[in-house]
Amino acid sequence: MMSKFEDEEEQELGKLAIRLENAAVLPMVLKSTLKLNIIDTIFASSGSSEGAFPSYIEIASRLPAKNHDALILPDRMLQLLAGYDILKCSVRTRENGVVERLYGARPICKFLVKNEDGGEIQVCNPRGG
């Protein structure tokens, strides 16, 4: 039988294991969205006109996916990035009552998009070096 201290310690270890497991999620999702040019798509749309945020359906329709059941995955990925303030997220209700999320680029995205030469990521050194 565990003492109260051992039980609390066991619970804390379980919480730590969950935090460590989840620590890998953001880098993996960010890398995936970069490889799929999702950040580029959102960045280009956000800069094109005032408030022109694409919905996840519009974003997903540009992906090379053949599995139409996978359309929910980009939305979950984008929700995660919005939760970390990498993207903006707003909600719109369409005329038919369907609620959809719209995504826009936050200022950090300018460091994540491909440059004009097709380079992977624009990296800048804020110290000028």
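The protein chain has the name O-methyltransferase dimerisation domain-containing protein in an unreviewed UniProt entry, where Citrus unshiu is given as its organism.

## What to know about the pattern of salt bridges
The tally for this structure, following the rule as stated, stands at five salt bridges. The salt bridge partner of lysine 15 is glutamate 12, with a shortest N-O separation of 3.5 Å. Of this pair, lysine 15 and glutamate 12 both sit in helix H1 (residues 4-22), three residues apart, which is roughly one turn of the helix. Note on lysine 15: relative accessible area 43%, which makes it partly exposed. Its salt-bridge partner being arginine 92, residue glutamate 100 comes within 2.1 Å of it at the nearest N-O pair. On the basis of relative accessible area, glutamate 100 is assigned to the buried category, the value being 7%. One connected set of salt bridges, linked through shared partners, spans Arg92, Arg94 and Glu100.

## Regarding the nonpolar core
Ranked by internal contacts, the top residues of the largest apolar core, which has 19 residues, are Ile39, Ile42, Leu78, Leu81, Leu87 and Tyr103. Only helix H2 (25-35), helix H3 (38-48), helix H4 (56-61), helix H5 (72-83) and strand E2 (99-105) provide two or more residues apiece to this core. Apart from residues no more than four positions distant in its own chain, isoleucine 42 is found in contact with Pro54, Ile59, Leu78, Leu87, Tyr103, Gly104 and Ala105.

## Points about the side chain of serine 45
Mapped onto the secondary structure, serine 45 falls in helix H3. In this view, serine 45 contacts Ala52, Pro54 and Arg62; residues no more than four positions away in its chain are not counted.

## A look at the packing of H2 against H5
Between H2 and H5, the shortest axis-to-axis distance is 10 Å and the interhelical angle comes to 120°. Looking at the two axes, H2 sits oblique to H5. In terms of crossing hand, the pair formed by H2 and H5 is left-handed. Residues Val25, Leu26, Val29, Leu30, Ser32 and Thr33 of H2 pack against Met77, Leu80 and Leu81 of H5.

## Regarding the pairing of strand E1 (residues 87-93)
Of the pairings in the sheet, the one linking E1 to E2 comprises seven bridges and is antiparallel in character. Residue pairing for E2: serine 90 is matched across the bridge by leucine 102. Joining the antiparallel neighbours E1 and E2 is a turn of five residues, in which glycine 97 adopts a positive phi near 90°.

Reading guide: rules and limits
Residues numbered from 1 in each chain as written. Predicted model: local features only at pLDDT ≥ 70, side-chain atom pairs only at ≥ 80, totals over all residues. Heavy atoms only, no water. Salt bridge = Lys/Arg side-chain N within 4 Å of Asp/Glu carboxyl O. Helix = DSSP H or I, 4+ residues; strand = E, 2+ residues; numbered from the N terminus. Buried < 20%, exposed > 50% of the residue type's maximum accessible area, 1.4 Å probe, protein only. Core = buried A, V, L, I, M, F, W, Y, C linked by side-chain atoms within 4.5 Å. Contact = heavy atoms within 4.5 Å. Axes fitted to C-alpha atoms, helices over the stretch in contact; angles between N-to-C directions. Parallel < 35°, antiparallel > 145°, perpendicular 65-115°, else oblique. Left-handed = near helix turned anticlockwise from the far one by under 90°. Pairing = 2+ DSSP bridges.

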